[in-house]
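Report on the structure
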Amino acid sequence: MSEWFEQPYLSPSALAPLDLTGRLADLDIQKMTVLDLGCGRNDGFISSQVLEIPCQALYSMDGYAPYLRELEKKPCAAKKHTLVCLDVRRAFEWLDHAGIDSPDVVIMLDVLEHLEMIEAERLLELIIERVTTRCLIWLPFGEVHQDAEAWGDTNKFQEHKSSWYPAILAERGFKTTVYPGFHKHFTPNADAGWAIFDQL
């Protein structure tokens, strides 16, 4: 687990960047469908909040089955919770095949950097085209190296394959917020932040 997540106490100012549910507070979320891409175990300060969203339906998608087996044991506030073991690059293909309407909200927490740039850009295009309300992305900014064994398991998806900067996402219509030096477990400390796209 990262050094950041092991802190015994975080002040309100330190917790502010981690507030996912607050960034959904203006939506009628109880009537909405949420797609959580690369959900993992939903065990971080930010990702655990996904399970607290009282939405109509939550689709948790990850390509690493052991994470989903842990996730299915956790309580979830969504009226309907579906776990999907699939590479996130095929997310919208799966939605279409399953006859599921486009999601109201798409969430990607520490996911984009794990895709090759061309693959990530294609996924972003699909999200912008298909999401009906909002997309929330949390990611490290800049060149942040991480190999597949970084978290002590055999998850090949953990490797960082692309680097992102606020300007790249701003060009695609995302509003970005950067927290300098947020990730203390990287050397040097890495910036991180939100990129949010609204259809509203």
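Thresholds applied
Residues numbered from 1 in each chain as written. Predicted model: local features only at pLDDT ≥ 70, side-chain atom pairs only at ≥ 80, totals over all residues. Heavy atoms only, no water. Helix = DSSP H or I, 4+ residues; strand = E, 2+ residues; numbered from the N terminus. Buried < 20%, exposed > 50% of the residue type's maximum accessible area, 1.4 Å probe, protein only. Contact = heavy atoms within 4.5 Å. Areas by Shrake-Rupley, 256 points an atom, 1.4 Å probe, with all protein chains shown as cover. Core = buried A, V, L, I, M, F, W, Y, C linked by side-chain atoms within 4.5 Å. Phe/Tyr/Trp six-rings, centres within 6.5 Å; stacked < 30°, edge-to-face > 60°. Salt bridge = Lys/Arg side-chain N within 4 Å of Asp/Glu carboxyl O. pLDDT = per-residue confidence, 0-100. Pairing = 2+ DSSP bridges.

1. A short note on the overall build of the protein
- A count of helices and strands for the protein gives five helices and seven strands.
- In sequence order, the protein lays out its α and β elements as α-β-β-α-β-α-β-α-β-α-β-β.
- Sorting the 200 residues of the protein into buried and exposed places 50% on the buried side.
- Excluding contacts between residues fewer than 6 apart, the proportion of contacts in the protein whose partners are at least 24 apart in sequence is 68%.
- Accessible surface, the protein as shown: approximately 9900 Å² in total, 50% of it carbon and sulfur.

2. Remarks on the nonpolar core
- The biggest cluster of nonpolar side chains holds 32 residues, and the ones touching the most others in it are Leu-37, Met-108, Leu-112, Ile-127, Ile-137 and Leu-169.
- For this core, the secondary structure elements donating two or more residues are strand 1 (33-37), strand 2 (57-62), helix 3 (91-97), strand 4 (105-109), helix 4 (117-130), strand 5 (134-141) and strand 7 (190-198).
- Among the elements that take part in this core, helix 4 stands out by supplying five residues, more than any other.
- With near-sequence residues (within four places) excluded, Leu-112 lies in contact with Ala-120, Leu-124, Ile-137, Leu-139, Ser-162, Trp-164 and Leu-169.

3. Some points on the environment of Ala-190
- Counting through the fold element by element, Ala-190 comes out in strand 7.
- Between the C-alpha atoms of Ala-190 and Pro-140, which are 50 residues apart in sequence, the distance is 6.7 Å.

4. Focus on the packing of aromatic side chains
- Using the criterion set out here, one finds five aromatic pairs in the structure.
- Between Trp-138 and Trp-194, the ring centres sit 5.3 Å apart and the planes meet at 65°, which makes this aromatic pair edge-to-face. Of the two residues, Trp-138 is situated in strand 5 and Trp-194 in strand 7; the sequence distance between them amounts to 56 residues. Accessibility assignment for this pair places Trp-138 and Trp-194 in one class, buried.
- On the basis of an interplanar angle of 50° and a centroid distance of 5.5 Å, the ring pair of Phe-174 and Phe-197 is categorised as tilted.

5. A word on unusual backbone geometry
- For Asn-42, which is not glycine, the phi torsion reads 50° and is therefore positive.
- As for its position among the elements, Asn-42 is in the loop between strand 1 and strand 2.
- Relative accessible area serves as the criterion here: at 3%, Asn-42 is assigned to the buried category.
- Even without a glycine there, the phi angle at Asp-110 is positive, about 55°.

6. Overview of the pattern of salt bridges
- Enumeration according to the criterion identifies 12 salt bridges in this entry.
- For Lys-31, the salt bridge is made with Asp-28, and the minimal N-O distance between the two is 3.4 Å.
- Overall, the relative accessible area of 66% leaves Lys-31 in the exposed class.
- With relative accessibility at 41%, the residue Asp-28 sits in the partly exposed group.

7. Observations regarding the confidence of the model for the protein
- Averaged over the protein, the pLDDT score is 87; the fraction of residues at 70 or greater is 82%.
- The low-confidence segment residues 1-9 (pLDDT under 50) makes 13 contacts with residues lying over four places distant or belonging to another chain.

8. Comments concerning the pairing of strand 7
- The buried fraction of strand 7 is high, at seven of nine residues.
- Both strand 5 and strand 7 contribute to a ladder of eight bridges, which runs antiparallel. Paired with Pro-140 across the two strands is Ala-192, which belongs to strand 7.

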